[in-house]
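So the chains spell out like this:
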Amino acid sequence: MKVGEDADIAQAAAAAERKRILSIQQLAMPGADDIIAAAIADPTVTAGATALKILQTQNAGRLRKLRALQRDVEVDPTPRSLPSSEFDGRTAAGRSLLGTVKRVQAEQEAIAAAQADLGRIGQLGGG
């Protein structure tokens, strides 16, 4: 090879590496700094592989949160009463959540009343 050809190859390789690094840097987002840095440091890692790694990491985090929420529901499935000041009806989500809380509270009150009625009926029957 000639010196000029070597220089052309070196320039093409440098340009390709710059493009790879810029493509990886464009994937930057909160929480992905370590993945981005590792990808830039390893010349065999592509932007596509980096994006996949970021998505896998995000999905793993979401799965951990979902499992934590599921454990919370398993431990205490009863929704808590929320003061109406927290959901004052200014948003559709707030109105929906407040309506759900009120329905659950009404159901809990109806169940308690039915249990009390059953207790009284049992007492009347001599049970």
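Here the structure is a predicted model, which means the values were calculated and not measured.

Of regular secondary structure, the protein chain possesses 4 helices and 0 strands. In sequence order, the protein chain lays out its α and β elements as α-α-α-α. Within the protein chain, the proportion of its 127 residues that are buried is 10%. If you take every contact in the protein chain between residues at least 6 apart in sequence, the share linking residues at least 24 apart comes to 25%. Carbon and sulfur atoms provide 60% of the accessible area of the protein chain, an area that totals close to 9,900 Å².

Moving on, we come to the pattern of salt bridges. Inspection of the entire model under this criterion finds 1 salt bridge. Residue E17 pairs with R20 through a salt bridge whose shortest N-O separation is 2.8 Å. Remark: R20 and E17 occur in helix α1 (residues 3–25); sequence separation between them is 3 residues, near one turn of the helix. Relative accessible area serves as the criterion here: at 11%, R20 is assigned to the buried category.

It is worth spelling out the side chain of T50 at this point. Here T50 is to be found in helix α3 (residues 47–75). For T50, a relative accessible area of 2% corresponds to the buried category. Excluding anything up to four places from it in sequence, T50 contacts I24, L27, I35, I36, A39 and V45.

Of the positions making up helix α2 (residues 33–41), those classed as buried are I35, I36 and A39. The buried residues of α2 all sit within an arc of 100 degrees when viewed along its axis, so they share a single face. In this structure, α2 carries D33, D34 and A41 as exposed residues pointing more than 90 degrees from its buried face.

Running from amino to carboxyl end, α1 crosses α2 at an angle of 170 degrees, the nearest separation of the two axes being 10 Å. By the angle between their directions, the pair α1 and α2 is classed as roughly antiparallel. For the pair α1 and α2, the contacting residues are E17, R20, I21, I24 and Q25 in the first and I36, A39 and I40 in the second. Broken down by class, the residue content of the contact of α1 with α2 amounts to 5 nonpolar, 1 polar and 2 charged.

Once that is clear, we can look at the nonpolar core. Core analysis: the largest hydrophobic core is formed by 6 residues, namely I24, A32, I35, I36, A39 and I54. Counting residues per element, this core draws most heavily on α2, which supplies 3 residues. Apart from the residues lying within four places of it in its own chain, the contact partners of I35 are T50, K53, I54 and T57.

Calculation criteria
Residues numbered from 1 in each chain as written. Predicted model: local features only at pLDDT ≥ 70, side-chain atom pairs only at ≥ 80, totals over all residues. Heavy atoms only, no water. Helix = DSSP H or I, 4+ residues; strand = E, 2+ residues; numbered from the N terminus. Buried < 20%, exposed > 50% of the residue type's maximum accessible area, 1.4 Å probe, protein only. Contact = heavy atoms within 4.5 Å. Areas by Shrake-Rupley, 256 points an atom, 1.4 Å probe, with all protein chains shown as cover. Salt bridge = Lys/Arg side-chain N within 4 Å of Asp/Glu carboxyl O. Arc of directions from axis to C-beta. Axes fitted to C-alpha atoms, helices over the stretch in contact; angles between N-to-C directions. Parallel < 35°, antiparallel > 145°, perpendicular 65-115°, else oblique. Nonpolar A, V, L, I, M, F, W, Y, C, P; charged D, E, K, R; others polar. Core = buried A, V, L, I, M, F, W, Y, C linked by side-chain atoms within 4.5 Å.

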